[in-house]
Amino acid sequence: MAGRIDAASRVYADALYAAAIEAGRVSQVDRDLAAFLGAMSDNVLLLRALVNPQLPGEAKRRIISKLMEGSEPLARHAMLVLVDNGRVSLLQDVQLAYAELAAVEEQILDVEVTTAVPLDDAQVSALEQRISAGIGQTARLTVNVDPRIIGGLVLRARGVLLDASVKRRLSELRRALVNTPLPIGSEA
């Protein structure tokens, strides 16, 4: 995830993060940005209106001000700065980049977990606890299901991939069988 965030978005997120640290409002800004993006993803027509270059900036400012009325002022002002600079299309990337910075500040590691079968809440909680104990930070899991991995887990966090899936093991076994030279004169 980290590598796919637009560089300009990181500049905005860094500036917002510095202001939030100074104000002591890092987690509140993070929460309100995530809530705003959640509202945008639930209302595609509103999102289209915000990224529409034909909609005047003042109308976009009114929309954002109304939607973020009770939000942390730093979060609201950051969104308005994006509108003023014609960078509304960076909303999601700014939120993601800021969330990464806030997670580091709060000693939280976001981990994407892929399993072959769905995990119940108890299994997710147990996995979170094991990962948290192993890394010395709070693990926050996002769980995906991909039956193609057959079994095991695939973990991704901050650009690091740990693939403990059955699919990977079978692939390594296949590669070893294909690449192992046969003794001369063998029947195979």
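Our structure's up above, just so we're on the same page.
This structure is a prediction, so every number in the text was calculated from the model and none was measured.

Chemist: Looking at this structure, I do not really get unusual backbone geometry. What am I missing?
Modeler: When glycine is set aside, most residues are seen to have a negative phi, and most peptide bonds are trans. A positive phi angle, close to 60 degrees, is found at Gln107, a residue other than glycine. Looking at where Gln107 falls in the secondary structure, it is placed in the loop between helix H6 (91–105) and strand S1 (108–115). Judged by relative accessible area, Gln107 falls into the partly exposed class, the value being 42%. For Ile150, which is not a glycine, the phi torsion comes out positive at approximately 70 degrees.

Chemist: I keep staring at the nonpolar core and nothing clicks. Help me out?
Modeler: One finds Val29, Leu33, Phe36, Ile64, Met79, Leu91 and Tyr98 to be the most contacted residues of the largest nonpolar core, which totals 28 residues. Elements with a minimum of two residues in this core: helix H1 (7–23), helix H2 (26–42), helix H3 (44–51), helix H5 (73–84) and H6. In this structure Phe36 touches Leu50, Ile64, Leu67, Met68, Met79 and Leu91, once residues within four positions along its chain are discounted. Within the second largest apolar cluster, 10 residues are counted, among which are Leu109, Val113, Ala139 and Ala157.

Chemist: Whenever I open this one, the packing of H2 against H6 confuses me. Can you help?
Modeler: Axes are the key here: two packed helices are described by the angle between their axes and the distance separating the axes. Contact pair H2 / H6: the axes reach a minimum separation of 10 Å and the direction vectors enclose 150 degrees. As judged from the angle between their axes, H2 and H6 are roughly antiparallel. In the crossing of H2 with H6, the sense of the turn from one axis to the other is left-handed. Listed contacts from H6 to Val26, Val29, Asp30, Leu33, Ala34, Phe36 and Leu37 of H2 are Leu91, Gln92, Gln95, Tyr98, Ala99, Ala102 and Glu105. Counted by class, the contact of H2 with H6 contains 10 nonpolar, 2 polar and 2 charged residues.

Chemist: It is not clear to me how the pairing of strand S2 (residues 138–145) should be interpreted in this structure. Could you clarify?
Modeler: Note: S1 against S2, 8 bridges, orientation parallel. If you follow Ile108 over to S2, its bridge partner there is Thr138. Crossover S1 to S2 through helix H7 (residues 121–135) is right-handed.

Chemist: Whenever I open this one, the pattern of salt bridges confuses me. Can you help?
Modeler: Side chains that differ in charge, positive against negative, can pair when their charged atoms come close. Counting across every chain of the model gives 9 salt bridges. A salt bridge links Asp32 to Arg31; the shortest N-O distance between them is 3.1 Å. Overall, the relative accessible area of 10% leaves Asp32 in the buried class. Glu112 serves as the salt-bridge partner of Arg156, at 4.0 Å between the closest nitrogen and oxygen. Here Arg156 is found in strand S3 (residues 152–157), whereas its partner Glu112 is found in strand S1, with 44 residues between them in sequence. You can call Arg156 partly exposed: its relative accessible area is 41%. The class for Glu112 is partly exposed, based on a relative accessible area of 30%.

Cut-offs used in this document
Residues numbered from 1 in each chain as written. Predicted model: local features only at pLDDT ≥ 70, side-chain atom pairs only at ≥ 80, totals over all residues. Heavy atoms only, no water. Helix = DSSP H or I, 4+ residues; strand = E, 2+ residues; numbered from the N terminus. Buried < 20%, exposed > 50% of the residue type's maximum accessible area, 1.4 Å probe, protein only. Core = buried A, V, L, I, M, F, W, Y, C linked by side-chain atoms within 4.5 Å. Contact = heavy atoms within 4.5 Å. Axes fitted to C-alpha atoms, helices over the stretch in contact; angles between N-to-C directions. Parallel < 35°, antiparallel > 145°, perpendicular 65-115°, else oblique. Left-handed = near helix turned anticlockwise from the far one by under 90°. Nonpolar A, V, L, I, M, F, W, Y, C, P; charged D, E, K, R; others polar. Pairing = 2+ DSSP bridges. Right-handed = clockwise from strand over helix to strand, strands pointing away. Salt bridge = Lys/Arg side-chain N within 4 Å of Asp/Glu carboxyl O.

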